[in-house]
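Summary of the model geometry
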There are 2 protein chains.
Amino acid sequence: MSNRVGNAELQGKITTAEQAAAMVEDGMTVATSGFTPAGYPKAIPLALAKRAEREELTIDLFTGASVGQELDGELTKAGIIRRRIPYQANRELQAAINKGNVNFIDLHLSHMAQMIRYGFLGKIDLAIIEAAGITQQGELILSTSVGNTPTFIQAAERVMIEINTSQPLELEGIHDIYIPFDPPNREPIPIMKPQDRIGSPYVTLNPGKVSAVVFTDIVDKVPPFPEPDEACKGIGTHLAEFLKEEKKAGRIPENYLPFQSGVGTVANGVLQGLQGLGAEGLSFFSEVIQDSVLSLIDANVLAFASGTSLTLSPRGTEHFYRNLHNYRQKIILRPQEISNNPEVIRRLGVISVNTAVEVDIFGNVNSTHVGSRMLNGIGGSGDFARNAYLTIFVTPSVLRGGQISCLVPRVSHVDHTEHDVDVIITEQGVADLRGLAPRERTHTLVENCCHPDFRLQLKEKIVQGEKQGGHTPYIK
Amino acid sequence: MSNRVGNAELQGKITTAEQAAAMVEDGMTVATSGFTPAGYPKAIPLALAKRAEREELTIDLFTGASVGQELDGELTKAGIIRRRIPYQANRELQAAINKGNVNFIDLHLSHMAQMIRYGFLGKIDLAIIEAAGITQQGELILSTSVGNTPTFIQAAERVMIEINTSQPLELEGIHDIYIPFDPPNREPIPIMKPQDRIGSPYVTLNPGKVSAVVFTDIVDKVPPFPEPDEACKGIGTHLAEFLKEEKKAGRIPENYLPFQSGVGTVANGVLQGLQGLGAEGLSFFSEVIQDSVLSLIDANVLAFASGTSLTLSPRGTEHFYRNLHNYRQKIILRPQEISNNPEVIRRLGVISVNTAVEVDIFGNVNSTHVGSRMLNGIGGSGDFARNAYLTIFVTPSVLRGGQISCLVPRVSHVDHTEHDVDVIITEQGVADLRGLAPRERTHTLVENCCHPDFRLQLKEKIVQGEKQGGHTPYIK
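It should be emphasised that the depicted structure is a prediction, and the values quoted were computed from it without experimental measurement. (Residues numbered from 1 in each chain as written. Chains lettered and ligands numbered in written order. Predicted model: local features only at pLDDT ≥ 70, side-chain atom pairs only at ≥ 80, totals over all residues. Heavy atoms only, no water.)

Each copy superposes on the other: chain A lies on chain B with an RMSD of 0.0 Å after a rotation of 180 degrees and an axial shift of 0.0 Å. Such a turn and shift between the copies fits a two-fold axis. When C-alpha distances to the rotation axis are compared across chain A, the minimum falls at E343 of chain A, with a value of 2.2 Å. Both copies contact each other with a shared surface, as 100% of the interface residues of chain A are interface residues in chain B too. (Least-squares fit on C-alpha atoms with pLDDT ≥ 70 in both. Contact = heavy atoms within 4.5 Å.)

Spelled out as C-alpha cells, the structure:
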C-alpha cells in the first residue's frame, strides 16, 4: 500500500469504505471523479448504498459524465440520488429521471467546471475521487479519466480518495492538469496542437481537506462495444468518401485536421471509416479514447489522441497496458473543460462527428430524447458541434428493424439547431447542408439520407409545408 | 476628392455608380460591407436596382448582418437577390424570404468569415465596400461598421469601393482589423480586455483587384429607436436588481464583467437598466454600439465599448461626431469574427443579454421565427449566449396588447437550447434556471415570468405534461 500513498499525512487517513461512507451526511452535494465508466469511485459508493438500506439518505451527485454501475446504478437503486449533473447513461437512473424522481440537469460538459467555480451550482460538500496513487507531496496520480476532478477537488470542502490498485501506477504522466483562471483574469489556453502539454501530470491536493483514503481493486466496468453493423459501416464509408472529396476540393487541408468522435457503436463505425481515408499521422482531439482509437494508433492512422478518459473494454485495457510504453507518447488525458474547450476546438479546427438520435428535415438534431423521455444527455456533442471546423452528425436512417425513421418532420427535442449543423450522414448517403436554406435542406436530406421506405411519406410532408408557406415550412 | 483617395492607382479608377453597376454580372456572388444600417454601400446597389428595370439580373448577396434600404430593400424590390447570407431585417426582403423567393441562410455571425475562407460558401466574385477614405498606400479607412469586410476583400476576385463623404475621415483609427490564420495554423486571439487593440486600423487592399471607386454622400439610414415602454423599463429594473444580488452573492466579480446586449427597443430598456447598477467604469463587449451605449459612456457607467458597428440615430450620429475626440479613446470597431468570437467571449466572461421572440416553459428560446415565418435571424445571439459567463434572455411577458403570451408550452423554432440558457427575465420577474431540471424550470418560469392572464392556462399544461411523464414532459 505504501507505494501507492507516498504522503505521510495521507497515510494516516487510510480507512475502510464503510467508515468513509459513514461520514457522508444527508443532503450533501457530492462530486465524484469519473467520465464514462472510467476512473469513477466504486468502494465508497457501494458502502453508501449499503448504508442507505438502514437509513434515509439523499445527496446531489455531480460527476464528469456517465459513470459505472457501482455509482449511478447502486445509488439509484438505494434511492440516494436527488439531483444529478451533468450526464448519465445508466438504465436504472434513466428510469428514475423519467419518472421525475431524480432531477437531472443536462449540461454541456465543457461548461460544468467553470459553473462550479463561478458558484452557479452551489457549494460542493464532498469530493470522492479515484486515483492510482498519491505522491510524497500529496499530489494525485489520477486513473483512467480526468473529467471534472481538478475543479471538484479545488472547490470541495472535504475530499475522499479511493486508491484503486487495479489501475496501474504506470498511468503516471499521461494526465495533463490545467485549470484556467476565471474572468476577468483568464488567459488564452495555450494549446496549438493536440499533443501540447500545458499543465501538470498531477492534481494538487490540500491534505488537510482529506477525510479518508480508501483502498479498492474493483475494475472499471466498460462493456465491450458490439461490432458495427452494416448501417454503421455504410456511414463510415460515406464519411471517408465525403472527407476525401472535401480535401480534393481544397475545403480541408492536405493533412486533414484533428478529428473528434462520439462514443458507442455508431461512433465505432465512424472511427473505422477513418481507416478508409488512406491517410497516416492524423490526430484525434476528443473526449473518449475507446478501443477503436487504439486500433487507429496501432495502424498509424492516428499519430496522437487527446481526450479526457480511457474507456477501454477488458480486452482493450489488457492491450493498452501491454503497450503502455508506446501509447504513453501518443495519448494525453485532460480535464473535460480543456478536452472540450470551445476556444481550443475552434483554434485547432476540429472535424466533429457525433451521433444523432433523430434529425429533422431542416437539419435540427435531437441528441437526448425519445419523445419526452431522456436517454443520456447532450454530453460533449454541443461543445464540439458548435465550435468545430466542420460539424457532422451521423445516424442510421432507420431503427428497430426499419420501423422508425431517424429523419423526421420535427424532432422531439432540439439539442443542435440548424445553425450548428453542416452535414448529415446516414448509410443512405451524405446531405451537405452548408449554404442551403431550409426549403433546400428538406429536399437534400430526404433525397440523400432518408431510407427509401419513408421517402415518399416525407416528400408529401414537404409539399404540404411548402403550401403553407414561410421560411421554415413546418408541418403542423 | 483627392484627400479621400490618397492612392494614385486607385484615383485612376474613380468612376460613376452606373458604370460600376454595369460591371456586375448575372449570377455573381456579391459580398458587401455593412452591419446593421451602418457602413453598407448605397450608390452602386441603387444603380444596380435601376439597371434591373431593363434586364434580368440575379445575385447571391452576402453581408455582415442587416443593411440599409438602399441595399436589401431596393435589390429585393428589383428581384435581384437569389440567396442571402447571414442576417437581414428588411421588410420587403422578409416577405420574399417567407414566400420562398429568396433562399436565406441564417448563420451565427461569428461563423461566416471563416466559412468563406474555408471555401464552405463558394467563391466571392465581387466585394462592394463602403469606406471613409483610402490611404496613400491603398489601405481602406472603413466607415461605421467593420462586419465581414476584411475577409470579403481578401476572398473576392474583384472589389469596388464606395467612398462615402458623409462619413467623416476622423473615423480613422477607430477600427481594429485582425484576420486570424486558419487551422492548423491558428493562434490565440490575443484580446485579454475589451480595450485591447490587436490589429491594424486599416484594411489591406490589393489595388490591382479594384474595378471601381465611386463617390457618394448618402447617409446611413438608422431609424431612431422608440423610447422603452413600461415593460422594457421593468425588464431593465429586474435585470439590474438580479445582477446586484449576484454580485452580492459572490457569483459575479466586484467590478462586474463586460456586458453584451442585443439591439432594438427591448435592448434599449436593458441598457438603461445598467444605469440602475449604480456602478461606474464598466465595459461593453458586443456587436452594436447604439445611442444608449453612448449615453452610458457619457454617464461614466461604461468606460469602454467594443463592437463591430456604430448604429446611431441621426441625433446620436451628430452627438457622436461632436464628441469624437472623446469617444475615440473609448470605442473600438472590430471584425464581427472578433467582436463575436467564442474564444474571446468565454475568456472575458461576457454577461450576455439578448432578446427572445418567445421562450418555452423548459427554457428553450426562439429568436428568429413567428410560426414558420422568419423575422430577422439568429444574428450574434448564439455567439454570445453559447459562450457567455452568464446567459440571459429577456422578453416582455405578452405582446400585441396582452393577446399573446411570450412564454409558451413549446416554441415554434429553437435557436437557443435549454442547455444554453441561464436566466429569463420579463417585466414580471426573473427565472433563474441554473441547476434546475426541466420539471423545475416549468414552475419557476410560470411563477416568475408569465403574465398573470396566462398563468393558469400554462399551469394546466404543466400538470398535463407531468401526468404523461418523462424528463421533459412536453404537452402534445
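Now for the packing of helix α16 (residues 438–449) of chain B against helix α17 (residues 452–468) of chain B. Residue and element names in this part refer to chain B. Running from N to C, α16 and α17 cross one another at 170 degrees; their axes reach a closest spacing of 10 Å. Our classification of the angle between α16 and α17 gives roughly antiparallel. Counted together, R439, T442, H443, V446 and E447 of α16 and R455, L458, K459, I462 and E466 of α17 form the full contact between these two elements. (Axes fitted to C-alpha atoms, helices over the stretch in contact; angles between N-to-C directions. Helix = DSSP H or I, 4+ residues; strand = E, 2+ residues; numbered from the N terminus. Parallel < 35°, antiparallel > 145°, perpendicular 65-115°, else oblique.)

Now for helix α8 (residues 230–248) of chain B. Residues and elements named next belong to chain B. Helix length check: α8, at 19 residues, gives a terminal C-alpha distance of 27 Å against a target of 27 Å (1.5 Å per residue), a fit within 8%. Within α8, the full set of buried residues consists of A231, C232, G234, I235, G236, L239, A240, F242, L243 and E246. Buried residues along α8 sit in contact with β10 (259–261), α9 (265–275), β16 (351–355), β21 (390–394), β25 (423–426) and β26 (429–432). Two or three places before A231, at the opening of α8, D229 has a side-chain oxygen 3.2 Å from that residue's backbone nitrogen. (Expected span 1.5 Å × (residues − 1). Buried < 20%, exposed > 50% of the residue type's maximum accessible area, 1.4 Å probe, protein only. Polar contact = N/O pair within 3.5 Å; in protein donor to acceptor, adjacent residues only side chain to side chain.)

What follows is about the interface of chain A and chain B. Taken together, the contact between chain A and chain B spans 71 residues of the former and 71 residues of the latter. Surface buried jointly by chain A and chain B totals about 5900 Å² across both partners, of which 51% is contributed by carbon and sulfur atoms. Considering only the side of chain A, the residues that lose the most area to chain B are R346, R386 and H419 of chain A, jointly responsible for 15% of the buried surface there. Linking chain A with chain B are six salt bridges, by the criterion used here. Measuring nitrogen to oxygen at the nearest pair gives 2.8 Å for the salt bridge that ties E440 of chain A to R83 of chain B. Seen at the junction of chain A and chain B, the total is 42 residue pairs in polar contact (both at pLDDT 80 or more). (Buried area = accessible area lost by both parts, 1.4 Å probe. Salt bridge = Lys/Arg side-chain N within 4 Å of Asp/Glu carboxyl O.)

Below, the discussion takes up the domain arrangement of chain A. All names here are of chain A. One can read the domain layout of chain A as domain 1 (8–216) and domain 2 (230–468). For domain 1 versus domain 2, the distance between C-alpha centres works out to 28 Å. In this complex, domain 1 contributes 52 residues to the contact, which on the side of domain 2 involves 43 residues. A buried area of about 3600 Å², summed over both sides, lies between domain 1 and domain 2, and 57% of it is on carbon and sulfur atoms. Linking domain 1 with domain 2 are two salt bridges. For the pair domain 1 and domain 2, the interface holds 29 residue pairs in polar contact (both at pLDDT 80 or more). Every element with two or more residues in the side of domain 1 that touches domain 2 is listed here: α5 (91–98), α6 (112–118) and α7 (149–155). (Domains from an automatic or database assignment.)

Moving on: the environment of F215 of chain B. As for its placement among the helices and strands, F215 of chain B is situated in strand β9 (residues 210–216). The spacing of F215 of chain B and I424 of chain B is 209 residues in sequence and 47 Å in space, taken between C-alpha atoms.

All names here are of chain A. Estimated volume of the second largest pocket: approximately 1500 Å³. Those elements giving two or more residues to the lining of the second largest pocket turn out to be α5, α9 (265–275) and β16 (351–355). The element best represented in the lining of the second largest pocket is α5, accounting for four residues. Looking at the lining of the second largest pocket, its residues break down into 23 nonpolar, 21 polar and five charged. The two domains that each donate at least three residues to the lining of the second largest pocket are domain 1 (8–216) and domain 2 (230–468). (1 Å grid on protein atoms, 1.4 Å probe; cavity = no way out; pocket = protein on both sides within 12 Å on 5 of 7 lines; lining within 4 Å. Points joined across faces, edges and corners; volume = space filled by probe spheres on them. Nonpolar A, V, L, I, M, F, W, Y, C, P; charged D, E, K, R; others polar.)

With that settled, consider the side chain of D415 of chain A. Considering the arrangement of structural elements, one finds D415 of chain A in the loop between β24 (407–408) and β25 (423–426). Comment: no salt bridge for buried D415 of chain A; closest opposite-charge side chain is R410 of chain B, at 10.0 Å. Within the structure, D415 of chain A has its side chain in polar contact with the backbone nitrogen of S367 of chain A (distance 2.9 Å). (Lys, Arg positive; Asp, Glu negative; His and termini not counted.)

Our focus in this paragraph is the pairing of strand β4 (residues 81–85) of chain A. All names here are of chain A. Extensive coverage of β4 is indicated by the burial of four of its five residues. Taken together, strand β3 (residues 59–62), helix α4 (residues 69–77) and β4 constitute a β-α-β crossover, and its handedness is right-handed. Summarising the sheet, β4 and strand β5 (residues 103–104) pair through two bridges and their orientation is parallel. Its bridge partner lying in β5, R83 is registered against N103. Once the chain exits β4 it traverses α5 before rejoining the sheet at β5, and the crossover so formed is right-handed. (Right-handed = clockwise from strand over helix to strand, strands pointing away. Pairing = 2+ DSSP bridges.)

Right, let's get into the packing of aromatic side chains. Considering all chains together, one arrives at 14 aromatic pairs over all chains under this definition. Centroid distance F120 of chain A to Y389 of chain B: 5.4 Å. Interplanar angle 85 degrees. Geometry classified as edge-to-face. On the criterion of chain membership, the pair formed by F120 of chain A in the loop between α6 and β6 (126–134) and Y389 of chain B in the loop between α15 (381–385) and β21 is interchain, its members lying in two chains. For the pair shown, F120 of chain A and Y389 of chain B are each scored as buried. A ring pair is formed by F362 of chain B and Y474 of chain B, whose centres lie 4.9 Å apart and whose planes are at 75 degrees; its orientation type is edge-to-face. Taken as a pair, F362 of chain B in the loop between β17 (358–360) and β18 (365–366) and Y474 of chain B in the segment after α17 lie far apart in primary sequence, 112 residues in all. Residue F362 of chain B is classed as buried on the basis of its relative accessible area of 2%. We classify Y474 of chain B as buried; its relative accessible area is 9%. A network of ring pairs unites the aromatic residues Y118 and F120 of chain A together with Y389 of chain B as a single cluster. (Phe/Tyr/Trp six-rings, centres within 6.5 Å; stacked < 30°, edge-to-face > 60°.)

With mixed pairing, the three strands of this open sheet are ordered in space as β18-β17-β24 (chain A). The open sheet terminates on both sides in strands that have one partner only, identified here as β18 (365–366) and β24 of chain A.

On to the packing of helix α3 (residues 43–51) of chain B against helix α4 (residues 69–77) of chain B, then. Residue and element names in this part refer to chain B. Running from amino to carboxyl end, α3 crosses α4 at an angle of 10 degrees, the nearest separation of the two axes being 8 Å. By the angle between their axes, α3 is roughly parallel relative to α4. Within the contact between the two elements, α3 uses P45, L46, L48 and A49 and α4 uses E70, L71, E74 and L75. Along the lines of polarity and charge, the residues of the contact of α3 with α4 split into six nonpolar, no polar and two charged.

This part is about the environment of L243 of chain A. Positionally, L243 of chain A belongs in helix α8 (residues 230–248). Sequence-distant contacts of L243 of chain A, defined by excluding residues within four places in its chain, comprise I252, Y256, F259, L274, L277, I351, L390 and I392 of chain A.

Let us now look at the sheet that holds β17 of chain B. Residues and elements named next belong to chain B. If you trace the three strands from one edge of the open sheet to the other, you get β18-β17-β24, paired in mixed fashion. Taken across any chain shown, the strands that pair with only one partner, and hence form the sheet edges, are β18 and β24 (407–408). Here β17 pairs with β24 via two bridges, running parallel. Counted as the bridge partner of V359 is L407 from β24.

Time to look at the pairing of β26 of chain B. Residues and elements named next belong to chain B. Going residue by residue along β26, you find G429 and A431 tucked away on one face and V430 and D432 left uncovered on the opposite face. Pairing of β25 with β26, which is carried by four bridges, proceeds in the antiparallel orientation. Each bridged residue has a counterpart across the sheet, and for T426 the counterpart in β26 is G429.

Okay, the pattern of salt bridges next. Residue and element names in this part refer to chain B. Following the criterion strictly, the structure yields 56 salt bridges over all chains and no others. Residue K244 is joined to E241 by a salt bridge in which the shortest nitrogen-to-oxygen separation is 3.5 Å. Of the two residues, K244 and E241 are both situated in helix α8; the distance of three residues between them amounts to about one turn of the helix. Residue classification places E241 among the partly exposed positions, given a relative accessible area of 41%. When the shortest N-O distance is used, the salt bridge between R347 and E343 registers 2.5 Å. You can see R347 and its partner E343 sitting in helix α14 (residues 342–348), four residues apart, about one turn around the helix. Judged by its relative accessible area of 1%, R347 falls in the buried class. Looking at E343, the relative accessible area reads 4%, which means it is buried.

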